[in-house]
Amino acid sequence: MTKIFAHRGSAGTHPENTMIAFYEAERVGADGIELDVQLTKDGQIVVIHDETIDRTTDGTGWVKDFTYRELKQFNAVYKFVDQYDVCRIPLLEEVLAWIHPTSLLLNIELKNGLIAYEGLEQKVIDMIRHYGLEERTVLSSFNHNSMLFCHHLAPNIETGLLYMEPLYDPWKYVRVMKAKGLHPYHRTVTESFLHQARHHGIAIRPFTINKESLMKKMFAYEVDAIFTDYPRLAKEILKKTP
Ligand code: G3P
Ligand code: MG
């Protein structure tokens, strides 16, 4: 059965990558959550998608240029100002402490494509280990070297390779990069690709599946998981899938 990961929490209905969005994901019965991480000036792991805070908060500037103390002054309510007063950018630690007693799966996406956050991989792995979440976590990134490094640091934590355009010889590539899964842009996913993935024992988790028709298509393909901003809708559609 396809697993449903709430993308940035429930980003379609709640402020993305905030605790409110993660609580909602659990409330609607998502199997797991996806979140994005970066490092602050003082080396703390924060949960935020963009390298700058401009789009999702009332501040401006680069995440890397603020200490966490400074960052948490900004309101991350984003476009949901009518529903919520104030939301903070969470620390990864806050999310892990909350998720630990639940049975939710976790996908931590390292946002280290544009900025090479020094020590990000080790810090994230240490945090996962601290909360004993190795078995329930998949690390992912568009930076595949970073995923290979994560595998080197923690071979027991699964990695997934994110990508936008079809890969050359994906089954060889995924083996060389020591990953267990591919996280493709959904347009690259076909039924025959899924058959091949199954043959090679590779998990396929496409992003970002928000339209009903696309959900139906991915469920018919029996992909291993989807990332969606609308986990409640995805659950309903999955229930109706024969
Ligand atoms: O992990 C799936 C998805 O989150 C990748 O793209 O830009 O939404 O982080 P993005
Ligand atoms: Mg992401």
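Residues numbered from 1 in each chain as written. Chains lettered and ligands numbered in written order. Predicted model: local features only at pLDDT ≥ 70, side-chain atom pairs only at ≥ 80, totals over all residues.

Visitor: Could you give me a rundown of the nonpolar core, with the residues and numbers involved?
Guide: Counting 65 residues, the largest nonpolar core has Val37, Val124 and Ile226 as its most contacted members. What Ile226 contacts, discounting residues up to four positions off in sequence, is Thr2, Ile4, Phe5, Arg205, Pro206, Ile209, Met215, Met218 and Ala234. (Core = buried A, V, L, I, M, F, W, Y, C linked by C-beta atoms within 7 Å. Buried ≥ 20, exposed ≤ 12 C-beta atoms within 10 Å, placed from the backbone. Contact = placed C-beta atoms within 7 Å.)

Visitor: Report on the site of ligand 1, specifying residues and quantitative values.
Guide: Around ligand 1, the structure places His7, Glu34, Asp36, His49, Glu109, Ser140, Leu162, His183, Phe207, Thr208 and Phe227. Classifying every residue of the shell around ligand 1 by side-chain character gives three nonpolar, five polar and three charged. (Near = placed C-beta within 6 Å. Nonpolar A, V, L, I, M, F, W, Y, C, P; charged D, E, K, R; others polar.)

Visitor: Quick one: what's the story with the packing of helix H4 (residues 120-130) against helix H5 (residues 144-153), residue by residue and with numbers?
Guide: Closest axis-to-axis distance for the H4/H5 pair is 10 Å, and the angle between their directions is 45°. In terms of axis orientation, H4 runs oblique to H5. Where H4 crosses over H5, the handedness of that crossing is right-handed. Packed against H4, whose contacting residues are Glu121, Gln122 and Ile125, the element H5 presents Ser146, Phe149, Cys150 and Leu153 at the interface. Taken together, the residues of the contact of H4 with H5 break down into four nonpolar, two polar and one charged. (Axes fitted to C-alpha atoms, helices over the stretch in contact; angles between N-to-C directions. Helix = DSSP H or I, 4+ residues; strand = E, 2+ residues; numbered from the N terminus. Parallel < 35°, antiparallel > 145°, perpendicular 65-115°, else oblique. Left-handed = near helix turned anticlockwise from the far one by under 90°.)

Visitor: For helix H8 (residues 212-221), give the residues involved together with the corresponding values.
Guide: Among the residues making up H8, those that are buried are Met215, Met218 and Phe219. Along the axis of H8, the buried positions cluster into a sector of 100°, meaning they face one direction only. Buried-residue contacts for H8 involve strand E9 (225-228) and helix H9 (231-240). At the exit of H8 stands Glu222, carrying a positive phi of roughly 55°. (Arc of directions from axis to C-beta.)

Visitor: Give a detailed account of the UniProt feature "domain: GP-PDE" (unreviewed entry) in the protein chain, specifying residues and quantitative values.
Guide: According to UniProt, the positions carrying the feature "domain: GP-PDE" (unreviewed entry) are residues 2-238. Summarising residues 2-238: 32% helix, 18% strand, and an end-to-end C-alpha distance of 8 Å. (UniProt positions renumbered as here; feature names shortened; annotations may be inferred.)

Visitor: Any details on the environment of Arg198? Residues and values, ideally.
Guide: Of note, Arg198 is situated in helix H7 (residues 191-200). With 13 C-beta atoms packed within 10 Å, Arg198 lands in the partly exposed category. It is 9.7 Å that separates the C-alpha atoms of Arg198 and Asp224, two residues lying 26 residues apart in sequence.

Visitor: I'd like a rundown of the pairing of strand E2 (residues 32-39), residues and numbers included.
Guide: Most of E2 sits inside the fold, with eight of its eight residues counted as buried. Of the two faces of E2, both are covered, the one formed by Gly32, Glu34, Asp36 and Gln38 as well as the one formed by Ile33, Leu35, Val37 and Leu39. For strand E1 (residues 3-7) and E2, the ladder comprises three bridges, and the chain directions are parallel. Residue Phe5 lies in a different strand from E2, and its bridge partner there is Gly32. Assessed by its sense of winding, the connection that carries the chain from E1 through helix H1 (residues 19-27) to E2 is right-handed. Sheet topology places E2 next to strand E3 (residues 45-47); three bridges connect them, and they run antiparallel. Note that in E3 the partner of Val37 across the bridge is Val47. In textbook terms, the turn of a hairpin is the stretch between consecutive antiparallel strands, and for E2 and E3 this stretch comprises five residues, one of which, Gly43, has a positive phi near 75°. (Pairing = 2+ DSSP bridges. Right-handed = clockwise from strand over helix to strand, strands pointing away.)

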